[in-house]
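Understanding the architecture of this molecule
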Amino acid sequence: MSAPVDGASSERHQRLLRSFKARFGVDASFVARSPGRVNIIGEHIDYCGFSVLPMAVDRDVLIAVAAKSVAADSAHAPTVVLTNIDPEKYHDATFEYTKDSIVDIDATKHAWHNYFKCGYKGILEDIGKVPPHLEIMIDGNVPAGAGLSSSSAFVCASALSVAYACGVTPNKRDLTETAIRAERYSGVQTGGMDQSISIMATPSSALLIDFYPSLNATPVLIPPHTRPYKFVVANSLVTSEKHVTAARNYNLRVLETRLAARLLGAWVSAGSADDSVAVPRAKTLREVLDLFLDSQATGLAAGFNGARVGSRAEFINGLRNLEAVAELVFKDGVYGCDDAVTALQEKYKGEYAAGWVDVEKEFCAGIGGVYLDGGLDLKKRVRHVLSEARRVLEFVEVCGGSGEADVLDSLGSLMNASQKSCSQDFNCSCPELDELTALCLASGAVGSRLTGAGWGGCTVSLVPEELVEDFIAKVVEGYYAKHGHDVKDVGDWIFATIPGSGALIFE
Ligand code: NG1
Ligand code: MG
């Protein structure tokens, strides 16, 4: 078993191996790991098909594995014995492989091992192997429900560990695609950001992750040469368990943006000169944008000088124009081209609108039920998504710049604009996150925003390196002490981080 690269994780590594041996009486044959992530900018736009800019953190999920082959003539199905380094908090679980469904996952009853089952089911469907018996011990130190993607780190490490136990080492892209699909078995209509960064991260850089027209990852070096800086993560300590609140939060936003894309797409196509053109059903806002940029049919599209997107600058202008169009289409709640929303809102108001599926199965695929009692505010959601997609590209432009000018303030102001848009247009912040980001800016950060799904969880701040120590002291005093949290654990709540590596196997 090769020791991992840095001191801290090797102590934790050795502790896991010792606990594994004590529990199972044999040595683990390997350890899989996959990290959590911080999203620097690009929130709630991955499931809309737009690019995002996350980086891996040094918190991860470690999975120690021993595999025992199933005798060919054995009547027994392969089993999995799942244990955790903290057995009091996470009780053991055992389950069996079944030929037809591999393993059943009850998304309505959250259990800590559901995420392992997601990875197990997803990878075995894709590699088409019958697994050996598995003895597993898990040690995760990505804080749960904190917006650092503990769930995806868990699913990615699980899928990797099961593939490896079956003698398969999938390439990073295939493993990422599997993990994105697999996590949806947990009941959350996730985008693809978390799994992509967890698996494909490269040390010392963030990744620009594109989902359209296909999955692609480009390392982005955030310029240290202007002023040395750190990204500091600070947890609001408001736990937001997505699988619990999805029907009113996350999944509802997925539905709103999908509906918005549908209406924008229909509106644009409805303007087509040739009425016989079937209205293409746009699935993501990104495809709507391409519809605009490709289509010569509507006067509005002409406003985007109709050319196929060549440069980032043209694409950014296209986003700006589409923001203006969306303001027009979704003004004052009149949906421009389709009163489907009004009808649905009346029909399902206040109920658990599982009824969406009778609207159009393919349209709502994977959404499950959502509560419409909070109403649907498509104009604000679209304004956030399109402006956020533009901010990501502007952030990358600034990073790629010549480097003489001091760019930290430009990067910081893009992060601040993101926080404002998340809070005021996408309504995925909360009072504690609004308070904490404001305090971070008052304590020396040049930029500060919620990171991950929001509704709680962590913030990420861009802090000039010489101010980091003073910054942390001010936030500990002004937030954790003020709210009566016992500051002895503060190291787990607020920490400076640098981009870390992605999924790995240690033998
Ligand atoms: P969190 O909740 O921080 O793991 C979620 C989604 C991402 C993305 C962000 C918002 C899952 C597993 N992850 O991240 O795809 O949509 O919210 O940008 O649902
Ligand atoms: Mg998560």
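Residues numbered from 1 in each chain as written. Chains lettered and ligands numbered in written order. Predicted model: local features only at pLDDT ≥ 70, side-chain atom pairs only at ≥ 80, totals over all residues. Heavy atoms only, no water.

**A look at the overall build of the protein**
Helix and strand content of the protein: 16 helices and 12 strands. Every one of the 507 residues in the protein was classed for burial, and the buried ones make up 56%. Taking all contacts inside the protein whose residues are at least 6 apart in sequence as the whole, residues at least 24 apart take part in 73%. (Helix = DSSP H or I, 4+ residues; strand = E, 2+ residues; numbered from the N terminus. Buried < 20%, exposed > 50% of the residue type's maximum accessible area, 1.4 Å probe, protein only. Contact = heavy atoms within 4.5 Å.)

**Looking at the sheet that holds strand E11 (residues 494-497)**
Here 4 strands make up an open sheet; going across it, the order is E9-E10-E8-E11 and the pairing antiparallel. The open sheet has two free edges, formed respectively by strand E9 (447-450) and E11, since each of these has just one partner strand. Neighbour-to-neighbour, the strand axes of this sheet turn through a mean angle of 20 degrees, independent of strand direction. Bridge count for strand E8 (residues 229-235) against strand E10 (residues 458-464) is 7 bridges, and the pairing is antiparallel. Residue pairing across strands places Val233 opposite Val460, the latter belonging to E10. With respect to the sheet, helix H13 (residues 408-424) is in contact with E8, E9 and E10, its orientation differing from that of E9 by roughly 30 degrees. Across the sheet, helix H15 (residues 468-481) touches E8, E10 and E11, and the angle it forms with E8 is around 15 degrees. (Pairing = 2+ DSSP bridges. Axes fitted to C-alpha atoms, helices over the stretch in contact; angles between N-to-C directions.)

**Focus: the pattern of salt bridges**
Applying the stated criterion to the full structure yields 30 salt bridges. One network of salt bridges, in which partners are shared, links Arg12, Arg15, Arg33, Asp60 and Asp139. (Salt bridge = Lys/Arg side-chain N within 4 Å of Asp/Glu carboxyl O.)

**Points about the UniProt feature "domain: GHMP kinase C-terminal" (unreviewed entry) in the protein**
According to UniProt, the positions carrying the feature "domain: GHMP kinase C-terminal" (unreviewed entry) are residues 408-480. As annotated, residues 408-480 comprises 58% helix and 15% strand, and the C-alpha atoms at either end are separated by 27 Å. (UniProt positions renumbered as here; feature names shortened; annotations may be inferred.)

**Digging into the packing of aromatic side chains**
A full pass over the atoms with the stated rule returns 12 aromatic pairs. Their ring planes at 75 degrees and their centres at 4.8 Å tell us that Phe30 and Tyr164 sit as a pair that is edge-to-face. Placement of Phe30 in strand E1 (residues 30-41) and of Tyr164 in helix H3 (residues 150-165) is noted, with a sequence separation of 134 residues between them. Take Phe30: its relative accessible area is 4%, and that puts it in the buried class. Overall, the relative accessible area of 22% leaves Tyr164 in the partly exposed class. In this structure an aromatic cluster arises from ring pairing among Tyr90, Trp112, Tyr115 and Phe154. The aromatic ring of Phe24 is capped on one face by Arg23, whose charged end is 4.9 Å from the ring centroid. Over the aromatic face of Phe495 sits the side chain of Arg59, whose NZ or CZ is 4.0 Å from the ring centroid. (Phe/Tyr/Trp six-rings, centres within 6.5 Å; stacked < 30°, edge-to-face > 60°. Lys NZ or Arg CZ within 6 Å of the ring centre and 35° of its normal.)

**Focus on the packing of H13 against helix H14 (residues 431-442)**
It is the contact of H13 with H14, at a shortest axis distance of 11 Å, that shows an interaxial angle of 165 degrees. When the axes of H13 and H14 are compared, the pair comes out roughly antiparallel. In terms of crossing hand, the pair formed by H13 and H14 is left-handed. For the pair formed by H13 and H14, the contact residues are Asn416, Gln419 and Ser423 on the first element and Leu433, Asp434, Thr437 and Leu441 on the second. Residue composition of the contact of H13 with H14, grouped by class: 2 nonpolar, 4 polar and 1 charged. (Parallel < 35°, antiparallel > 145°, perpendicular 65-115°, else oblique. Left-handed = near helix turned anticlockwise from the far one by under 90°. Nonpolar A, V, L, I, M, F, W, Y, C, P; charged D, E, K, R; others polar.)

**Here's the deal with the UniProt feature "domain: GHMP kinase N-terminal" (unreviewed entry) in the protein**
As annotated by UniProt and renumbered to match this structure, "domain: GHMP kinase N-terminal" (unreviewed entry) occupies residues 114-200. Between the C-alpha atoms that bound residues 114-200 the distance is 23 Å, and the span itself is 57% helix and 9% strand.

**Focus: the domain arrangement of the protein**
For the protein, the assigned domains read domain 1 (2-221 + 500-506) and domain 2 (250-381). Buried surface at the junction of domain 1 and domain 2, summed over both partners, amounts to about 1200 Å²; 63% is from carbon and sulfur atoms. Inspection of the domain 1/domain 2 interface yields 0 salt bridges. In this structure, the connection of domain 1 to domain 2 is made through 2 residue pairs in polar contact (both at pLDDT 80 or more). Of the residues contributing to the side of domain 1 that touches domain 2, the split by class is 6 nonpolar, 6 polar and 1 charged. (Domains from an automatic or database assignment. Buried area = accessible area lost by both parts, 1.4 Å probe. Polar contact = N/O pair within 3.5 Å; in protein donor to acceptor, adjacent residues only side chain to side chain.)

**Section: the side chain of Glu323**
Assignment of secondary structure puts Glu323 in helix H10 (residues 312-329). With residues near it in sequence (within four places) discarded, Glu323 still touches Leu386, Ser387 and Arg390.

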